[in-house]
Amino acid sequence: SQNTNGMGAVFRPCLSKVAREEHNIDRIETAVGGNTKFATDESSDDYTFGMRGNTSTSETQQSVDHATINNSITSPYHDCWSIGCNTKGAQGNGTRHDVLRLQRMSCLPRYISVDNIVTGNCGSTYCVCCHGHKLMCWGYNNYGSVSNQQYIVHTIARVWSNHQCLSHTIMQLLLRYLDEINALKHPLKPYYIHNNALNAVKFVSTGISSFHKFVLLHNDVLYAIGKNEWNQLGIANDDHHCRNIYHRVQIHFFDRRRIKLKKIACALTYSIFLDENGALYACGRAKDGGLGLGDVLWSSTVQRVTLIQTQTSETPTTTMIDIVCGEQHCLALSNEKRLFSWGSNRWGQLGHGRQGPKTAEYRPKIVKYVRHMQVEKIDCGSNHSVILSIGKVYCFGCNLNCECGNGRTKSVCLPELNKTLSEYFVTDIKCGFQHNVAKTQTDCFYLWGMNDFNQCLHESPSQSSVVKVPTKYSGHVHSDQLEHVIIDMYPGWKETRIVTAKTRRVSYL
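In this text the structure is predicted, and so the values were computed from the model without any measurement.

Notes on the overall build of the chain
- Each helix and strand counted, the chain has five helices and 32 strands in total.
- Taken across its 509 residues, the chain has 52% of its residues classed as buried.
- Within the chain, residue pairs in contact and separated by at least 24 positions form 53% of the contacts whose partners lie at least 6 positions apart.
- Within the structure as shown, the chain displays about 24,000 Å² of accessible surface, and the carbon and sulfur contribution to it stands at 49%.

Considerations on the pairing of strand E19 (residues 329-334)
- Counting buried positions along E19 gives six out of six residues, so the element sits mostly inside the fold.
- Residue alternation in E19 divides its side chains into two sets, His329, Leu331 and Leu333 and Cys330, Ala332 and Ser334, and both sets are buried.
- As judged from the five bridges shared by strand E18 (residues 320-325) and E19, these two strands associate in the antiparallel manner. From the neighbouring strand, Asp322 faces E19, where its bridge partner is Leu333.
- Adjacent in sequence and paired antiparallel, E18 and E19 are bridged by three residues.
- One ladder, built from five bridges, connects E19 with strand E20 (residues 339-343); its direction is antiparallel. Bridge assignment links Leu333 to a residue of E20, and that residue is Leu339.

Concerning the sheet that holds E18
- Strand order in this open sheet of four strands is E18-E19-E20-E21, and the pairing throughout is antiparallel. Only two strands of the sheet have a single neighbouring strand rather than two, namely E18 and strand E21 (361-366). Shown here is a sheet whose adjacent strand axes are inclined to one another by a mean of 15°, direction ignored.

Describing the packing of aromatic side chains
- Going through the model one piece at a time under the given rule, you end up with nine aromatic pairs.
- Among the aromatic residues, ring-to-ring pairing joins Phe214, Phe253, Phe254, Phe273 and Tyr281 into one connected group.
- Over the ring of Tyr490 we find Lys430, and its NZ or CZ is 5.2 Å from the ring centre.

Some words on the sheet that holds strand E14 (residues 261-266)
- One open sheet holds the four strands; their spatial order is E14-E15-E16-E17, and the pairing between them is antiparallel. Every other strand in the sheet has two partners, leaving E14 and strand E17 (298-305) as the edge strands with one partner each. This sheet shows a mean twist of 15° between the axes of neighbouring strands, independent of strand direction.
- As defined by bridge partners, strand E15 (residues 270-275) adjoins strand E16 (residues 280-285) across five bridges and the pair is classed as antiparallel.

Quick word on the environment of Ser382
- Here Ser382 shows up in the loop between strand E22 (375-380) and strand E23 (384-389).
- Its relative accessible area of 3% is what places Ser382 among the buried residues.
- In this structure the C-alpha to C-alpha distance between Ser382 and Gln349, which are 33 residues apart in sequence, comes to 9.6 Å.
- Setting aside chain neighbours within four positions, we find Ser382 in contact with Ile208, Ser209, Gly326, Glu327, His329, Gly432 and Phe433.

Quick notes on the state of the cysteines
- As enumerated under the stated definition, the model contains zero disulfides in all.
- Cysteine Cys413 shares no disulfide, and the gap to the nearest cysteine sulfur, in Cys404, comes to 9.6 Å.

Things to note about the side chain of His384
- For His384, the location among the structural elements is in strand E23.
- Among the polar contacts made by the side chain of His384, one reaches the side chain of Asn436 at a distance of 2.7 Å.
- Ignoring anything within four residues of it in the chain, the contact list for His384 reads His329, Gln349, Phe396, Gly397, Cys398, Glu403, Cys431, Gly432, Phe433, Gln434 and Asn436.

Some words on unusual backbone geometry
- Backbone geometry at Cys130 places phi at a positive 55°, although glycine is not the residue there.
- By the element assignment, Cys130 lies in the loop between strand E7 (125-129) and strand E8 (134-138).
- On the basis of relative accessible area, Cys130 is assigned to the buried category, the value being 16%.
- At Asn454, a position not held by glycine, the phi torsion is positive, near 60°.
- Under the relative-accessibility criterion, Asn454 is labelled buried at 12%.

Focus: the nonpolar core
- One finds Leu339, Ile378, Ile387, Val393 and Met489 to be the most contacted residues of the largest nonpolar core, which totals 39 residues.
- With near-sequence residues (within four places) excluded, Ile387 lies in contact with Leu331, Leu339, Val370, Val375, Lys377, Ile378, Lys392, Val393, Tyr394, Phe396 and Ile429.
- Counting 20 residues, the second largest nonpolar core, distinct from the first, contains Leu293, Met320, Trp342 and Ile366.

With respect to the environment of Gly290
- By the secondary structure assignment, Gly290 is in the loop between E16 and E17.
- Distance in space between the C-alpha atoms of Gly290 and Ala360 is 8.7 Å, their sequence separation being 70 residues.
- Non-local contacts of Gly290, meaning those with residues more than four positions away in its chain, are made with Tyr270, Ile272, Gln328, Cys330, Trp342 and Gly343.

Let's talk about the confidence of the model for the chain
- Chain-level statistics for the chain give a pLDDT mean of 79 and a share of 71% at 70 or above.
- The model gives residues 1-70 a pLDDT under 50, and that stretch makes 100 contacts with residues more than four places away or in other chains.
- Predicted confidence for residues 150-166 stays below pLDDT 50, and this span has 18 contacts to residues more than four positions away or in other chains.

Some thoughts on the environment of Glu276
- Inspection of the secondary structure puts Glu276 in the loop between E15 and E16.
- Take Glu276: its relative accessible area is 46%, and that puts it in the partly exposed class.
- Spatially, the C-alpha atom of Glu276 lies 5.1 Å from that of Lys262, the residues being 14 residues apart in sequence.

Each value, and the rule that gives it
Residues numbered from 1 in each chain as written. Predicted model: local features only at pLDDT ≥ 70, side-chain atom pairs only at ≥ 80, totals over all residues. Heavy atoms only, no water. Helix = DSSP H or I, 4+ residues; strand = E, 2+ residues; numbered from the N terminus. Buried < 20%, exposed > 50% of the residue type's maximum accessible area, 1.4 Å probe, protein only. Contact = heavy atoms within 4.5 Å. Areas by Shrake-Rupley, 256 points an atom, 1.4 Å probe, with all protein chains shown as cover. Pairing = 2+ DSSP bridges. Axes fitted to C-alpha atoms, helices over the stretch in contact; angles between N-to-C directions. Phe/Tyr/Trp six-rings, centres within 6.5 Å; stacked < 30°, edge-to-face > 60°. Lys NZ or Arg CZ within 6 Å of the ring centre and 35° of its normal. Disulfide = S-S within 2.5 Å. Polar contact = N/O pair within 3.5 Å; in protein donor to acceptor, adjacent residues only side chain to side chain. Core = buried A, V, L, I, M, F, W, Y, C linked by side-chain atoms within 4.5 Å. pLDDT = per-residue confidence, 0-100.

Pasting the structure below:
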C-alpha cells in the first residue's frame, strides 16, 4: 500500500516463511495506522506488517485528537473447551486421562467456527465446523463410528509401497479384516474425515446412545458408518463383513426415490429418518417397538412409519418437524406443535402416565398430557426426555441420577414442570447421556443430572456424584488475558463441551 506517512512502510510480511504458497491465511486484521496482522492455519504465530520506523500503532492512536468509544469485539472464530470422562479419548486431547476441570481442546485448529457437536455412545464425537465445510471426529471407535480406516489403510499402503509389496489382493485382505485393525484404534485427537469446499456437510445424525452415524452432504449424498449388527444403517448384513462399517458407505435408498432428508436420529439398535415433507422412516431392530412399525420389530430395509390416529385433530396431514431418540425410545414433534412418543417405556420416558416393560408403544402416539401446549423443542437422554414449551422446561423418564432435576430419584411418568427453571425463560435444551443443559434468554446456562466426572461443571463433594436440580454455571473462561463469551454448551456421554468466542476491549476513534 502507499506510504502516506513517509515513515518507511513494510510491503511484505516480516517473516518470509509466511509468504510461501503452502500456507493458508485464515485471518487478517488491520489496526489503526495501517498495521496489519494475519495468521495461518499451520502455525500458532501471528505476523504483523505495515508501518515501521518512529511511528508505532499505539503512537498513532495517541496522536489523533479524537474521543474514543470503548467497546468489545467478538471474534468469529471459536475455541472449544471440555470436561469429563476420557477413557476412550472423548476429550480429544491426545491422552486417556480424565479431565475434571475445564480444559481447552488445544488439539483443535486455532481458527474454526463450530457449527455443531454430536456425541455418540462412549464418547464418539463429531464436530461440524466452518459452515459445514469441515468435519472432524475423535473418540470411541470399537465399531467404526469415528472410523479412521483411510488413515490406517493409507499408512500401511504407503509403507508397503516403499517395499514394492503392495498388490490388489493385499489391499482386499486389509479391507476384509479391517474390523480387527480398527477395534484397537481410538483416535485420541481430532482428525478430518470431510474437508470439501464444494460439498459441505448438511448435518450429522444425532443419538447419544448410538454406535453408528449418518452424514448428509448438501448435495443430498448420504453416508453411513459404524455398527450395523441389527441393520441400523439400512444395510443388509448377510455378509459377516457388513456387521460393522468402518469406511463410510453411501446409502442410496432416499436419493433413488428423490426423498430429501431433514434429520436423522439414531437409537442403540435402530435409526429414524425425517424427510422434508414430514414423513418418518425406520430401519434396524427394536424389541420394544422403537421402529414405530407396529408388530415389525426388525427391518433390514428402510420402511415408512405411520401414526396412531387417536383423535380427529391428528389427521393424515399431520407431519413431523423434529425427531430425537434415546436408547430405545423416540420423541417426535409435529407441525401442530404436538408431542408424539413411542418405544420402550420402562422408566416412563414416553410421558403417557405409566411405566414398565409391558407399557411400550409400537407406533407414534400423541402425549395427551401436553396436548394443549405449544411444544417448541425436544430432546432425549439415554432413558429420559426433556421438552421445552414457551420458555418452560418439562422432564420425564428415568430419574435415578436426577436427570429430571426435581431433587428426587423416583422415575417421572408424566411431563413435569421443572420448578427451578420456571423462574426463567429458557430458550434451548440439550440432553447428554444422563445429564442436561438449559440455556436462558439472558444467555445463562444451567446443568443437572449425573456428575461423576464433573460433566455438570460442578465439583460435587465426594459423597455425591449428581447435581439434583438445575445449577447455574457461574464460571468464567479466560485465556491469554482475553475473556471468552460462551456461545453454546454440548452435553455428551460423560463429558460436556463448551464453545466460546474471544472478546477484546477495543477503542474506536
